[in-house]
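# Report on the structure
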Amino acid sequence: MENREQIICQLNTTNEPHIQKVISRTFEDLCSQVKSESLVLSVCNSPVFIWPNKGGRATPECLTPNSPCKDLQQFIQTDDQESMKSKKKEKTNASAVVINLNLMTEVTEPADLSATTLMRCSTKHHFLYTAMPMDCVVSLPSSERLSVVYDALVVALCSQLDEMKKVMLRHMKGMTLLIPQPFHFLLPDPVGLVTVVYPAGVPDSQLEIQRKELHSRFELPGNRPYLRRANSLHFPDEPYKDGYLRNPHLHLKPPTLGNGKLYLVQGVYSYHHYMQDRVDDNGWGCAYRSLQTICSWFQQQGYTEKAVPTHKEIQQALVDVGDKQGSFVGSRQWIGSIEVAAVLDQLLGVTSKIMFVSQGSELASKGRELANHFLSEGTPVMIGGGVLAHTILGVAWSETTGEIRYLILDPHYTGAEDLQVITDKGWCGWKSPQFWDQNAYYNLCLPQRPKTI
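Not measured: the values here are computed from a predicted model. (Residues numbered from 1 in each chain as written. Predicted model: local features only at pLDDT ≥ 70, side-chain atom pairs only at ≥ 80, totals over all residues. Heavy atoms only, no water.)

## Concerning the overall build of the chain
The helix and strand tally for the chain stands at nine helices and 15 strands. Expressed along its principal axes, the backbone C-alpha trace of the chain runs to roughly 95 × 50 × 40 Å. Counting over 453 residues, the chain shows a buried share of 44%. At a minimum sequence separation of 6, the contacts of the chain that also span at least 24 residues come to 67%. When the accessible surface of the chain is totalled, it reaches about 24,300 Å², and 50% of it is carbon and sulfur. Side-chain charges in the chain split into 43 positive and 47 negative, and the spacing between the mean points of these groups amounts to 2 Å. (Helix = DSSP H or I, 4+ residues; strand = E, 2+ residues; numbered from the N terminus. Buried < 20%, exposed > 50% of the residue type's maximum accessible area, 1.4 Å probe, protein only. Contact = heavy atoms within 4.5 Å. Areas by Shrake-Rupley, 256 points an atom, 1.4 Å probe, with all protein chains shown as cover. Lys, Arg positive; Asp, Glu negative; His and termini not counted. Charge placed at Lys NZ, Arg CZ, Asp CG, Glu CD.)

Right, dumping it as structure tokens:
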């Protein structure tokens, strides 16, 4: 549930204790509003309005406090039939259905009319006005009664307001107040879905103490990020704004191997390939694109706040470490696994292991090493051989028979971001050992996770 609740404060002095007192009182007033009968929830893209604190009254009237939550879905409208089909497919594939609501308040109340009284006074004071980005989420079974859902939402809203107050007061400096922003995280079982409030404008690098407290509270490992902004939950009904496909391999059917197990990339990455970003790198940029996919993984797992590097930024990094001459920047020269490792170290501080294979036929015997990598590190692997580079996202490997299949993301694709074409045509797909040139040598770059939160 998203909303921008208004916070309005009149400050008589710039005395810090006074400011803190006024802000605390303002948040208490907002919480009282949330608990009042004037609170209204509207279900997005539907005619449904709900008064959770008026006994669960709703329109249409067929929605009663005892109705199951799933009854709301029948009132949610879609733009067209295609959207309807897409939604049905999404609900089938996803483990949960998202219902979005807006928070509102009634500004009038039934009362007898009375004469208006005007008073005028002239005083000097400071006036604080801003919009608070309220964003609450509750996770409940679709069979749960609406009355339970309403109560949970009101509790979540009040809890979030209290947390926002604490964050605003903790980070205030004089008259400078930072807007508190909520983020949702899906943590490993048994914790599940949690919401954390961070101050806007403060980078993740300056919030490590707060994250350490949260890691301790939720008993999370202390060697990888779980609660950085980039780790926040991406809901299935929210499109990615940058246009890149995420995790196309999740739409593939895994191969069948006797006693075989899957060992896959952990987390989220973007698919980078030829001809994206208005760069014509067809024929020379495959390793650059594989590197960009790897960088996107580190970005979206919260290890870095840096943007995915461009071709020129990759080339400049290799010049900066002394690997290339200045004329390399802006060229169309290939790079390989060694250069990919150097750029990861230079730009992200990420170290890598290099695996050397003297000929492609030997890759079939590397199942154990690759399986261990995806179990322990879970990062995409760049493989270069001859003039071609690919990204390995996982392996299906049988320890008993040695049989292996490779999950390949191919950067040589030149088409649009069409998931069906990419998966049906094998641009992202499972490959046998014969996929590799049996006589060419290969170098594999296996990035290692930094030990950080």
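## Regarding a nonpolar patch on the surface
Taken together, the side chains of Trp334, Val387 and Leu388 make up a nonpolar region of the molecular surface, amounting to roughly 310 Å² of accessible area. Classification of Leu388 by relative accessible area gives partly exposed; the value is 45%. (Patch = residues over 30% accessible without salt bridge, like charges linked within 9 Å, V, L, I, M, F, W, Y side chains within 5 Å. Salt bridge = Lys/Arg side-chain N within 4 Å of Asp/Glu carboxyl O.)

## Structural notes on the pattern of salt bridges
In total, this model carries twelve salt bridges according to the counting rule given. For the salt bridge of Asp281 with Arg289, the shortest nitrogen-to-oxygen distance reads 2.6 Å. Here Asp281 matches Arg289 in class, with each residue buried. Close ionic contact of Arg405 with Glu403 constitutes a salt bridge, the shortest N to O distance being 3.3 Å. By relative accessible area, Arg405 is classed as partly exposed at 23%. Residue Glu403 is classed as partly exposed on the basis of its relative accessible area of 32%. Salt bridges here are not isolated pairs; linked through shared partners, they connect Asp162, Lys165 and Lys166.

## Quick notes on the UniProt feature "domain: UFSP1/2/DUB catalytic" (unreviewed entry) in the chain
In this structure's numbering, the residues bearing the UniProt feature "domain: UFSP1/2/DUB catalytic" (unreviewed entry) are residues 261-445. Secondary structure across residues 261-445 comprises 29% helix and 22% strand; the distance between its end C-alpha atoms is 23 Å. (UniProt positions renumbered as here; feature names shortened; annotations may be inferred.)

## As for the nonpolar core
One finds Leu291, Phe298, Ile335, Val340, Leu344, Met382 and Leu393 to be the most contacted residues of the largest nonpolar core, which totals 37 residues. Sorting the residues of this core by element identifies helix H5 (286-300), helix H6 (311-320), helix H7 (337-348), strand E12 (388-398) and strand E13 (404-409) as the ones contributing at least two each. For this core, the element with the most residues is H5, which contributes eight residues. In this view, Phe298 contacts Tyr303, Thr304, Leu348, Val350, Thr379, Pro447, Gln448 and Pro450; residues no more than four positions away in its chain are not counted. Of all hydrophobic cores here, the second largest spans 36 residues; its members include Val48, Phe75, Cys136 and Cys158. (Core = buried A, V, L, I, M, F, W, Y, C linked by side-chain atoms within 4.5 Å.)

## Brief notes about the domain arrangement of the chain
Per the domain assignment, the segments of the chain are domain 1 (4-74 + 100-106 + 123-182) and domain 2 (248-447). One C-alpha centre belongs to domain 1, the other to domain 2; they are set 45 Å apart. (Domains from an automatic or database assignment.)

## What to know about unusual backbone geometry
Backbone torsion omega between Thr59 and Pro60 reads 0°, so that peptide bond is classified as cis. In this structure, the amide linkage connecting Asp189 to the following residue, Pro190, adopts the cis form with an omega of 10°. Assignment of secondary structure puts Pro190 in the loop between strand E7 (180-187) and strand E8 (192-199). A positive phi angle, close to 55°, is found at Asn45, a residue other than glycine. Locating Asn45 in the fold gives a position in the loop between strand E2 (39-43) and strand E3 (49-51). At Asn259, a residue that is not glycine, the phi angle is positive and equals roughly 60°. Along the chain, the position of Asn259 falls in the loop between helix H4 (208-217) and strand E9 (260-264). Under the relative-accessibility criterion, Asn259 is labelled exposed at 63%.

## Describing the environment of Asn282
The residue Asn282 is located in the loop between E9 and H5 in this model. A C-alpha to C-alpha distance of 9.8 Å links Asn282 and Arg332, two positions 50 residues apart in sequence.

## Quick word on H4
Three or more residues of H4 are buried, namely Gln210, Arg211, Leu214 and His215. Considered in projection along H4, the buried side chains sweep an arc of 140° and stay on one side of the axis. Facing away from the buried surface of H4 by more than 90 degrees, the exposed residues are Ile209, Glu213 and Ser216. (Arc of directions from axis to C-beta.)

## Considerations on the environment of Thr130
Mapping Thr130 onto the fold places it in strand E6 (residues 126-135). Separated by 215 residues in the primary sequence, Thr130 and Asp345 have C-alpha atoms spaced 42 Å apart.

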